[in-house]
Amino acid sequence: MCPTPTASAHLPDGLILVVEDDPLILEFLCEILQEEGFKVEPQTSADAASLYLEKNAPNVALLLTDITMPGTLNGADLANLVGDRWPDKPVMVMSGYETPETSGVKHPVAFIKKPWAIGQLLDCVDSAFKSKAPRLH
């Protein structure tokens, strides 16, 4: 029922890089994920998240990013960067305005439309993890 055991069984030391420019939504997302047992790294822009990934990519189990954000990079750019550089890393994008297709995301990603319910968010995180789960154990 809870997606955490499945995800953590595959990625026990991984964390979710959460990228959202609205501080209230960012805090809420992090609280929800932490209550489910995930470790999170909050970032307020795709630019900051890309710098974080440069140094910490092996520790990141999942990228969860909003699409529409200010800065040099938006969430679609960040999703593409991760898909290009770390193709085995799952990516989940969210937006109330765009879809991965309309925003230019060129790699397979999990998508959730804002506003979302907590159960929908957790189901989508679980699906994102399963989409890139290792094939062999």
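Residues numbered from 1 in each chain as written. Predicted model: local features only at pLDDT ≥ 70, side-chain atom pairs only at ≥ 80, totals over all residues. Heavy atoms only, no water.

A. Local environment of the packing of helix H2 (residues 23-35) against helix H6 (residues 118-131). Where H2 meets H6, the axes come as close as 11 Å, and the angle between the chain directions of the two elements is 70°. As far as their axial angle goes, H6 and H2 are roughly perpendicular. In this structure, H2 meets H6 at a crossing whose hand is right-handed. Residues Phe-28, Leu-29, Ile-32 and Leu-33 of H2 touch H6, and the partners they reach there are Ile-118, Leu-121, Leu-122 and Val-125. When its residues are assigned to classes, the contact of H2 with H6 shows 8 nonpolar, no polar and no charged. (Axes fitted to C-alpha atoms, helices over the stretch in contact; angles between N-to-C directions. Helix = DSSP H or I, 4+ residues; strand = E, 2+ residues; numbered from the N terminus. Parallel < 35°, antiparallel > 145°, perpendicular 65-115°, else oblique. Left-handed = near helix turned anticlockwise from the far one by under 90°. Contact = heavy atoms within 4.5 Å. Nonpolar A, V, L, I, M, F, W, Y, C, P; charged D, E, K, R; others polar.)

B. Geometry of the side chain of Lys-114. By secondary structure assignment, the location of Lys-114 is in the loop between strand S5 (110-113) and H6. For Lys-114, a relative accessible area of 18% gives the class buried. Among the polar contacts listed, one links the side chain of Lys-114 to the side chain of Glu-20, at a separation of 2.8 Å. For Lys-114, the residues in contact, after removing those within four places along its chain, are Glu-20, Ile-25, Asp-66, Met-94, Ser-95 and Gly-96. (Buried < 20%, exposed > 50% of the residue type's maximum accessible area, 1.4 Å probe, protein only. Polar contact = N/O pair within 3.5 Å; in protein donor to acceptor, adjacent residues only side chain to side chain.)

C. Molecular detail of the nonpolar core. Membership of the largest hydrophobic core comes to 23 residues, with the highest contact counts inside it found for Ile-16, Val-18, Leu-33, Leu-64, Met-92 and Val-125. With 6 residues, H6 is the largest single contributor of residues to this core. Discounting chain neighbours no more than four positions away, the residues touching Met-92 are Leu-62, Leu-63, Leu-64, Thr-65, Ala-110, Ile-112, Leu-121, Cys-124, Val-125 and Ala-128. (Core = buried A, V, L, I, M, F, W, Y, C linked by side-chain atoms within 4.5 Å.)

D. Highlighting the confidence of the model for the protein chain. Mean pLDDT over the protein chain: 89, with 88% of residues reaching 70 or higher. This model gives residues 1-12 a pLDDT under 50, and the stretch forms 17 contacts once residues within four places in sequence are excluded. (pLDDT = per-residue confidence, 0-100.)

E. Focus on the UniProt feature "modified residue: 4-aspartylphosphate" (unreviewed entry) in the protein chain. UniProt annotation of "modified residue: 4-aspartylphosphate" (unreviewed entry) refers to Asp-66 when read in the numbering used here. Look past the residues within four positions of Asp-66 in its chain and what remains in contact with it is Val-19, Glu-20, Asp-21, Gly-75, Met-94, Ser-95 and Lys-114. (UniProt positions renumbered as here; feature names shortened; annotations may be inferred.)

F. View of H2. A rise of 1.5 Å per residue sets the reference length of H2, with its 13 residues, at 18 Å; its end C-alpha atoms lie 18 Å apart and thus fit the reference within 8%. Turning to H2, its buried residues are Leu-26, Leu-29, Cys-30, Ile-32 and Leu-33. For H2, the angular spread of the buried residues around the axis is 160°, confining them to a single face. Residues of H2 that are exposed and point more than 90 degrees away from the buried face comprise Pro-23, Leu-24 and Glu-35. Where H2 is buried, its residues contact strand S1 (15-19), strand S2 (40-43), strand S3 (60-66), strand S4 (91-95) and H6. Two or three places before Leu-24, at the opening of H2, Asp-22 has a side-chain oxygen 2.9 Å from that residue's backbone nitrogen. Looking one or two places after H2, you find Gly-37, whose phi comes out positive at around 100°. (Expected span 1.5 Å × (residues − 1). Arc of directions from axis to C-beta.)

G. Summary view of the environment of Tyr-52. Tracing the backbone shows Tyr-52 in helix H3 (residues 46-56). Classification of Tyr-52 as buried rests on a relative accessible area of 16%. When the C-alpha atoms of Tyr-52 and Glu-41 are compared, they prove to be 9.2 Å apart, with 11 residues separating the residues in sequence. Residues within four places of Tyr-52 in sequence aside, it is in contact with Leu-15, Leu-17, Glu-41, Gln-43, Ala-57 and Val-60.

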